[in-house]
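# Inside the fold
Residue strings, one per chain:
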2 protein chains.
Amino acid sequence: MDNRAIGVFDSGLGGLTVIREMGSLMPRENAVYFGDTARVPYGSQSKATIIEFSHQIMRFLLRHDVKGVIIACGTASSNALEEMRASYDLPIIGVVEPGARAALRATKNGRIGVLGTAATIRSGAFERLLLKEDPSLEVTSQACPLFVPLVEEGWFSDEVTREVIRRYIKPLKENQVDTVILGCTHYPLLRPLIQKEMGENVTLINVSEAATREMKEFLGQHDMEADHAAGTYDFYASDSIDQFRSFSRQILDITNLTVSKVSIEK
Amino acid sequence: MDNRAIGVFDSGLGGLTVIREMGSLMPRENAVYFGDTARVPYGSQSKATIIEFSHQIMRFLLRHDVKGVIIACGTASSNALEEMRASYDLPIIGVVEPGARAALRATKNGRIGVLGTAATIRSGAFERLLLKEDPSLEVTSQACPLFVPLVEEGWFSDEVTREVIRRYIKPLKENQVDTVILGCTHYPLLRPLIQKEMGENVTLINVSEAATREMKEFLGQHDMEADHAAGTYDFYASDSIDQFRSFSRQILDITNLTVSKVSIEK
């Protein structure tokens with residue numbers, strides 16, 4: 001038993017979908033969330049900068065005595081995960097590996113689609129992991145630069161969003177994928193619309209859920225689960241507290257959510 | 001007479017609309033364009049970082065012997081213009097001041113709308129300049145986070161884009177603005193659709209055109225105009241040469257456009 005919190009960080013607010021998954025998959029766990037809203041998005045930063053930012057946030061989370069960390073940001077997961085694992089002695093889980101593993105388990109016809117930000121698709125991280133496990137897979141990747149701004153506008157069930165989804169998934173449908181990785185922590189909020197447009201027979205992989213499941217498994221295997229009556233969450237952001245509050249109200253069913261602004265560089 | 005080129009820089013590709021304006025307003029001028037595509041967008045960077053990036057690019061442009069510089073990026077114009085003017089002895093023109101001045105000249109009813117990126121609207125730069133000149137103005141500002149990704153997708157005349165425009169301009173129409181500043185160098189590409197939705201009686205201010213006009217005026221007043229038979233353009237980018245080429249083909253009527261990739265930090 002270990003009643004310390006789980007640290008969750010993201011370049012912005014998308015990682016709140018991990019908190020949502022924690023609420024349903026491990027409701028007894030506390031969490032400390034850090035959203036680097038002053039420096040979002042990380043996609044335009046160099047690898048060295050992303051590693052530096054990740055170190056700053058890891059040190060912040062460790063000062064809050066976390067027992068493990070979920071890097072709920074595709075860009076930080078692809079660029080800084082190895083370095084963080086080498087530097088800190090606690091379990092650190094990104095979103096890319098769990099997402100790829102879940103897709104490998106789910107696919108029956110070996111045709112997997114990946115939807116992601118331009119930076120994630122350009123990095124080829126999901127595709128590389130998938131093909132490393134099984135070179136016979138057919139992977140169709142599609143960058144969806146409009147998805148994050150659509151989610152941040154709150155247009156979750158909207159005709160504009162529906163039409164944008166139709167265009168982005170066209171190559172995935174043409175290649176008859178049976179599994180789609182929603183490769184960005186913002187995308188679970190578009191899941192109902194994407195599922196409807198892809199069809200009910202296609203499995204959508206929510207990377208936030210996949211990462212949370214792997215953390216849950218790890219904690220169970222190492223007898224590190226918490227036994228709080230109900231988990232509590234502390235939220236921190238480096239900027240834009242108001243945007244954080246309004247966005248998180250849409251994702252999480254939490255009233256009176258408190259967010260603290262912190263200068264992470266110090 | 002001065003046959004040296006004009007330097008134009010942007011965090012990305014939107015500044016190519018300045019090159020397009022140069023082609024029609026001062027066709028005898030050469031240009032050196034730098035798009036910092038490796039580090040776009042600047043909106044998430046600190047002021048100190050934006051100043052540092054701008055210094056790097058100014059030094060690059062000066063090595064190409066430019067006679068003046070247009071900062072074709074709203075974020076760099078708002079954050080680094082003063083510093084650049086203080087550091088380099090040549091005319092430097094941003095997009096915010098010329099845009100605000102053009103709107104002041106155009107409005108008849110004193111009601112001005114500003115469309116911009118989230119970072120530009122948050123900075124309040126246009127609004128501050130407008131109200132400094134005339135505190136009785138009514139300014140309606142609207143952040144349009146979907147516009148840049150829509151332009152970068154090339155969806156210039158598209159039903160999705162039309163619907164997004166309708167939503168963003170709603171407060172401007174409600175406040176009966178007669179002048180709208182298109183406060184980002186990407187937005188001229190949406191001009192036909194925005195004009196149609198705003199109505200023909202509303203004046204749209206293209207900040208790229210306004211900045212190019214001010215440079216033309218300055219060169220004329222100081223006898224610094226070029227007399228090339230036809231201006232030529234050199235394009236440089238810090239990343240994503242392919243995207244640059246395909247995007248610029250959509251903006252500029254140039255075949256065989258050559259782009260060189262440069263490491264700007266050095």
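Residue numbers restart at each chain and count upward from 1, following the sequence in its written direction. Lettering of chains starts at A and numbering of ligands starts at 1, both following the order in which they are written. Local features in a predicted model are, by the rule used here, given only for residues with pLDDT of at least 70; side-chain atom pairs are given and counted only at 80 or more, and totals for whole chains, interfaces and linings are based on all residues. Excluding hydrogens and water, the side-chain figures rest on all heavy atoms present in the structure.

Each side of the interface is counted separately: chain B has 18 residues, and chain A has 18 residues. Each partner contributes to the roughly 1600 Å² buried at the junction of chain B and chain A, and carbon and sulfur atoms together form 61% of this total. Per-residue buried area on chain B facing chain A is highest for Ser44(B), Leu146(B) and Arg167(B); these three make up 33% of the total on that side. Salt-bridge detection follows one rule: a side-chain nitrogen of Lys or Arg within 4 Å of a carboxyl oxygen of Asp or Glu. Put simply, chain B and chain A have 2 salt bridges between them. Between Arg167(A) and Asp158(B) there is a salt bridge, and its shortest N-O distance comes to 2.5 Å. Two N or O atoms form a polar contact when they lie within 3.5 Å of each other; inside protein one atom must be a possible hydrogen donor and the other a possible acceptor, and for residues adjacent in sequence the pair counts only when both atoms belong to side chains. One can count 4 residue pairs in polar contact (both at pLDDT 80 or more) joining chain B with chain A. Under the DSSP-based scheme used, a helix requires at least four consecutive residues in state H or I and a strand at least two consecutive residues in state E, with every element numbered from the N terminus. Where the side of chain B that touches chain A is concerned, the elements lending two or more residues are helix H7 (147–152) and helix H8 (159–174) of chain B. The leading source of residues in the side of chain B that touches chain A is H8(B), at 5 residues. Should any heavy atoms of two residues lie within 4.5 Å, those residues are counted as being in contact. Once two parts are joined, some of their accessible surface, as seen by a 1.4 Å probe, is lost; buried area is that loss totalled over both.

Quick look at the packing of aromatic side chains now. Centres within 6.5 Å make a pair out of two Phe, Tyr or Trp rings, where for Trp the six-membered ring is used; the pair is then stacked when the planes are under 30 degrees apart, edge-to-face when over 60, and tilted otherwise. Inspection of every chain in the model, using the stated rule, returns 20 aromatic pairs over all chains. For the pair Tyr33(A) and Phe235(A), a centre-to-centre distance of 6.2 Å together with 50° between the ring planes defines the contact as tilted. One end of the pair, Tyr33(A), is in strand E2 (residues 31–35); the other, Phe235(A), is in strand E9 (residues 233–237), and 202 residues separate them in sequence. Throughout this description, buried means an accessible area under 20% of the type-specific maximum (1.4 Å probe, protein chains only), exposed means over 50%, and partly exposed covers the range between. On the basis of relative accessible area, Tyr33(A) is assigned to the buried category, the value being 0%. Between Tyr233(A) and Phe235(A), the aromatic rings sit 6.4 Å apart at their centres with planes inclined by 70°, giving edge-to-face as the arrangement. Three or more aromatic residues link up through ring pairs in this structure, and these residues are Tyr33(A), Tyr233(A), Phe235(A) and Phe244(A). Both a distance and an angle decide whether a charge sits over a ring: NZ of Lys or CZ of Arg must be within 6 Å of the ring centre and within 35 degrees of the ring normal. Here the guanidinium or amino end of Arg167(A) rests over the ring plane of Trp155(B), the centre of that ring lying 4.4 Å away. Above the plane of the ring of Phe53(B) lies Arg39(B), whose end atom (NZ or CZ) is 3.5 Å from the centre.

This part is about helix H2 (residues 47–63) of chain A. Residues and elements named next belong to chain A. Here, expected helix span is obtained from the residue count minus one, scaled by 1.5 Å. Over its 17 residues, H2 runs 24 Å from end to end, which matches the ideal 24 Å to within 8%, given 1.5 Å per residue. Among the residues making up H2, those that are buried are Ile 50, Ile 51, Phe 53, Ser 54, His 55, Gln 56, Ile 57, Met 58, Phe 60 and Leu 61. Check the buried side of H2 and you find it contacts strand E1 (6–10), E2, strand E3 (68–71), helix H3 (74–87), strand E4 (92–93) and E9. The positive-phi residue at the C-terminal boundary of H2 is Asp 65, with phi of around 60°.

So, on to the confidence of the model for chain A. Summing up the model confidence of chain A, the mean pLDDT is 93 and the portion of residues at 70 or higher is 98%. If you check the scores for this complex, the pTM reads 0.86 and the ipTM reads 0.81. pLDDT expresses how confident the predictor is about each individual residue, on a scale running from 0 to 100.

Residues and elements named next belong to chain B. Within the fold, Asp 178 resides in the loop between H8 and strand E7 (179–182). A polar contact of 3.0 Å, which involves the side chain of Asp 178, links it to the backbone nitrogen of Asn 109. Non-local contacts of Asp 178, meaning those with residues more than four positions away in its chain, are made with Thr 107, Lys 108, Asn 109, Arg 111, Asn 201, Val 202 and Thr 203.

Once that is clear, we can look at the relation of the copies chain B and chain A. Superposing copies: least-squares fit, C-alpha atoms only, residues required to have pLDDT of at least 70 in both. Each copy of the sequence occupies a distinct position, and chain B is placed on chain A by a rotation of 180° and an axial shift of 0.0 Å, giving an RMSD of 0.0 Å. On the angle and the small slide along the axis, the relation comes out as a two-fold axis. Closest to the rotation axis within chain B is the C-alpha of Val160(B), separated from it by 2.9 Å. Of the interface residues in chain B, 100% have counterparts in chain A that sit at the interface too, so the contact is made through matching surfaces.

Residue and element names in this part refer to chain A. As for its placement among the helices and strands, Lys 216 is situated in helix H10 (residues 207–221). For the pair Lys 216 and Asn 175, spaced 41 residues apart in sequence, the C-alpha separation works out to 34 Å. Excluding residues within four positions of it along the chain, Lys 216 makes contact with Leu 25 and Met 26.

The next thing to look at is the domain arrangement of chain A. Interface size, as often reported, equals the accessible area lost upon joining of the parts. Residues and elements named next belong to chain A. Residue ranges for the domains originate in an automatic or database domain assignment. According to the domain assignment, chain A consists of domain 1 (6–94 + 209–261) and domain 2 (96–207). Between the C-alpha centres of domain 1 and domain 2 the distance comes to 22 Å. Domain 1 puts 24 residues into the contact, and the matching count from domain 2 is 20 residues. Carbon and sulfur atoms supply 52% of the area that domain 1 and domain 2 bury against each other, a total of about 1600 Å² over both sides. Three residues stand out in domain 1 for area buried against domain 2, namely Ala 210, Glu 214 and Phe 247, and they jointly supply 25% of the buried area on that side. Inspection of the domain 1/domain 2 interface yields 3 salt bridges. Notably, a salt bridge pairs Glu 209 with Arg 191, separated by 4.0 Å at the nearest N-O pair.

Turning next to the pattern of salt bridges. Throughout the structure, instances matching the rule amount to 36 salt bridges over all chains. The salt bridge involving Glu159(A) is made with Arg162(A); its shortest N-O contact spans 3.4 Å. Here the residue Glu159(A) and the residue Arg162(A) both occupy positions in helix H8 (residues 159–174), the gap between them amounting to 3 residues, near one helical turn. The partly exposed category is assigned to Glu159(A), whose relative accessible area is 48%. A salt bridge links Glu163(A) to Arg167(A), with the shortest nitrogen-to-oxygen separation between them at 3.1 Å. Separated by 4 residues within a single helix, Glu163(A) and Arg167(A) lie in helix H8, roughly one turn from each other. Linked by salt bridges that have partners in common, Asp158(A), Glu159(B), Arg162(B), Glu163(B), Arg166(B), Arg167(B) and Glu197(B) make up one network.

Here we take up unusual backbone geometry. Residue and element names in this part refer to chain A. Looking along the chain, the bond that leaves Val 40 and enters Pro 41 is cis, with omega of -5°. In this model, Asp 65 sits at a positive phi of 60°, which is unusual for a non-glycine residue. Structurally, the position occupied by Asp 65 is in the loop between H2 and E3. In this structure, Gln 176 is a non-glycine residue whose phi angle is positive, near 50°. Relative to the helices and strands, Gln 176 is located in the loop between H8 and strand E7 (179–182).

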